[in-house]
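# Observations on the model geometry
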Amino acid sequence: MTITHQEGHSGGAYTMVVGDETAKLTYSRASPSLIIVDHTEVPDAMRGQGIGQKLAAHAVEAARLGGWKIVPLCPFFRSQVERHPEWRDVISA
């Protein structure tokens, strides 16, 4: 399972395709050093496989590599941050 990244002028998405189903985590870019994770969507057929968590972890690693912070607006992403205190280095309050 490969995570792909698409980015436009004001935001982007990380996606994972399994069969005919696509899971995604979307964000808005507030500045060159700040993104707002606003939505995570995992189709019912893909649930229970840890795909949402993989997308969230990928976003965190991308933020570390890119040197930016994340505002966790998405309830799912926010819950993942609470479960992973090691991610707090890239979380903006």
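Everything numeric in this text was worked out from a predicted model, so none of it was measured. (Residues numbered from 1 in each chain as written. Predicted model: local features only at pLDDT ≥ 70, side-chain atom pairs only at ≥ 80, totals over all residues. Heavy atoms only, no water.)

Another aspect to go through is the pattern of salt bridges. With the rule as written, the count across this model stands at 4 salt bridges. Here Glu 61 and Arg 64 are joined by a salt bridge, their closest N and O atoms 2.5 Å apart. Here the residue Glu 61 and the residue Arg 64 both occupy positions in helix H1 (residues 51–66), the gap between them amounting to 3 residues, near one helical turn. The exposure class assigned to Glu 61 is partly exposed, which follows from its relative accessible area of 40%. Between Asp 89 and Arg 64 there is a salt bridge, with its nearest N and O atoms 2.8 Å apart. Of this pair, Asp 89 sits in the segment after helix H2 (75–83) while Arg 64 is found in helix H1, placing the two residues 25 residues apart along the sequence. Bridged by salt links that share partners, the residues Glu 61, Arg 64 and Asp 89 form one connected network. (Salt bridge = Lys/Arg side-chain N within 4 Å of Asp/Glu carboxyl O. Helix = DSSP H or I, 4+ residues; strand = E, 2+ residues; numbered from the N terminus. Buried < 20%, exposed > 50% of the residue type's maximum accessible area, 1.4 Å probe, protein only.)

Glancing now at the sheet that holds strand S4 (residues 34–41). Taken in spatial order, the 5 strands line up as S1-S2-S3-S4-S5 in an open sheet, and their pairing is mixed. Strands at the two margins of the open sheet, each flanked by one partner only, are strand S1 (3–7) and strand S5 (69–72). Strand-to-strand twist of the sheet, defined as the mean angle between neighbouring strand axes without regard to direction, takes the value 25 degrees. With 7 bridges joining them, strand S3 (residues 21–31) and S4 adopt antiparallel strand pairing. For Thr 26, the partnering residue across the bridge sits in S4 and is His 39. Contacts from H1 reach S1, strand S2 (11–18), S3, S4 and S5, with the element oriented near 140 degrees to S2. (Pairing = 2+ DSSP bridges. Axes fitted to C-alpha atoms, helices over the stretch in contact; angles between N-to-C directions. Contact = heavy atoms within 4.5 Å.)

So yeah, pure geometry; function would need other evidence.
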